[in-house]
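Read off the chains here:
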Amino acid sequence: METAYSILHNHLTLPYWLSILIVFIATLIIWKVVEKRQMAAKKNWTQAVLISLLATYIFFILLITLIARTPADARKAELIPFWSWYEVIVNHSTSLAVEIVLNVIFFMPVGILARLIDSSGFQEVKISRVAIFSLSIELTQYFTCRGLCEIFDDVIHNTVGACIGWLVCDRIAPLIKKRYRKALNPSERTTKKHSARRKPM
């Protein structure tokens, strides 16, 4: 059975990688055109790049899970919740343990990019969007015979991965922003030092 990671190594040829680049450039252009039509006073290139990266990564997920897969002869589905965990814990399946971890990691960039784009909090609405996106992939895999449909395990693992990505970025982003500001404004530190020295005894 094909996995997302065997597809990444064996089936993603040059045209697929070019299509990923095209999606990034097209999304960036469309975003800037929309921004210009809305007469935005502040041209935020960072936001545009982050949104383009998120759209491109979503396209990359669709490539790995659907587009680049070869259709099988029959539909396959696993409808028992946490069956993969049972195989790992009871039958000591190393391959499934690795697949679970990789499925979690696979969706972490979604959470990271979503946090960088919108820092208002990882509410239930955002969690449900990730779950619905993952579920739609599983259902499409079933109806197109492009992989094993797991409406419980994969959806849970992917959603958990996005949540972890968000939480990790939520802790790290403020620290990076603080250091970035210090690096851009060395004069600010110098001013603070001078002002501290001038304080009367």
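Residues numbered from 1 in each chain as written. Predicted model: local features only at pLDDT ≥ 70, side-chain atom pairs only at ≥ 80, totals over all residues. Heavy atoms only, no water.

Caption draft 1: Broad picture of unusual backbone geometry. The residue Phe82 is not glycine, and still its phi comes out positive at about 60 degrees. Structurally, the position occupied by Phe82 is in the loop between strand S1 (76–77) and helix H4 (83–89). One non-glycine residue, His92, lies in the positive phi region at around 55 degrees. Considering the arrangement of structural elements, one finds His92 in the loop between H4 and helix H5 (94–106). (Helix = DSSP H or I, 4+ residues; strand = E, 2+ residues; numbered from the N terminus.)

Caption draft 2: Just the packing of aromatic side chains, in detail. Tallied over the full model, the rule gives seven aromatic pairs. A ring pair is formed by Tyr142 and Phe143, whose centres lie 5.2 Å apart and whose planes are at 80 degrees; its orientation type is edge-to-face. Looking at Tyr142, the relative accessible area reads 30%, which means it is partly exposed. The positively charged end of Lys32 is found above the aromatic ring belonging to Trp45, 4.2 Å away from the centroid. Here Arg75 stacks its cationic end above the ring of Tyr142, 5.7 Å away from the centre of that ring. (Phe/Tyr/Trp six-rings, centres within 6.5 Å; stacked < 30°, edge-to-face > 60°. Buried < 20%, exposed > 50% of the residue type's maximum accessible area, 1.4 Å probe, protein only. Lys NZ or Arg CZ within 6 Å of the ring centre and 35° of its normal.)

Caption draft 3: Representation of the side chain of Ser93 within the structure. Here Ser93 lies in the loop between H4 and H5. Ser93 gets classed as buried once you look at its relative accessible area, which sits at 15%. At 3.4 Å, the side chain of Ser93 and the side chain of Ser95 are in polar contact. Ser93 has contacts with Glu87 and Val88, leaving out every residue within four places of it along the chain. (Polar contact = N/O pair within 3.5 Å; in protein donor to acceptor, adjacent residues only side chain to side chain. Contact = heavy atoms within 4.5 Å.)

Caption draft 4: Quick look at the nonpolar core. In this structure, Tyr57, Phe60, Ile61, Phe106, Phe107 and Val110 are the most contacted members of the largest nonpolar core, which totals 19 residues. Elements that contribute at least two residues to this core include exactly helix H3 (45–67), helix H6 (108–117) and helix H7 (124–144). Looking at which element gives the most residues to this core, the answer is H3, with nine residues. (Core = buried A, V, L, I, M, F, W, Y, C linked by side-chain atoms within 4.5 Å.)

Caption draft 5: Expanded view of the packing of helix H2 (residues 14–37) against H3. Relative orientation of the contacting elements H2 and H3 amounts to 145 degrees, with a least axis distance of 8 Å. As H2 runs across H3, the sense of the crossing is right-handed. Touching Tyr16, Trp17, Ser19, Ile20, Val23, Phe24, Thr27, Leu28, Trp31 and Lys32 of H2 are Trp45, Ala48, Val49, Ile51, Ser52, Leu53, Ala55, Thr56, Phe59, Phe60, Leu63 and Ile67, all from H3. Its residues assigned to classes, the contact of H2 with H3 comprises 17 nonpolar, four polar and one charged. (Axes fitted to C-alpha atoms, helices over the stretch in contact; angles between N-to-C directions. Left-handed = near helix turned anticlockwise from the far one by under 90°. Nonpolar A, V, L, I, M, F, W, Y, C, P; charged D, E, K, R; others polar.)

Caption draft 6: H7, seen in detail. With 21 residues, H7 should reach 30 Å at 1.5 Å per residue; the first-to-last C-alpha distance of 30 Å fits that figure. Here H7 has its buried residues at Lys126, Val130, Ser134, Ile137, Glu138 and Gln141. Each buried residue of H7 sits inside an arc of 120 degrees when the element is viewed along its axis, so together they form one side. Facing away from the buried side of H7 by more than 90 degrees, the exposed set consists of Glu124, Arg129, Ile132 and Phe143. (Expected span 1.5 Å × (residues − 1). Arc of directions from axis to C-beta.)

Caption draft 7: Spatial organisation of the confidence of the model for the chain. Per-residue confidence for the chain averages 83 on the pLDDT scale, and 79% of its residues sit at or above 70. When the elements of the chain are averaged for pLDDT, helix H9 (residues 186–198) gives the smallest value, 52, and H4 the largest, 95. (pLDDT = per-residue confidence, 0-100.)

Caption draft 8: Representation of the side chain of Ser52 in the model. By secondary structure assignment, the location of Ser52 is in helix H3. Every residue in contact with Ser52, bar those within four places of it in the chain, is listed here: Phe24, Thr27 and Leu28.

Caption draft 9: Region of interest: the environment of Trp166. Inspection of the secondary structure puts Trp166 in helix H8 (residues 153–184). Sequence separation of Trp166 and Ile112 is 54 residues, and the distance between their C-alpha atoms is 4.9 Å.

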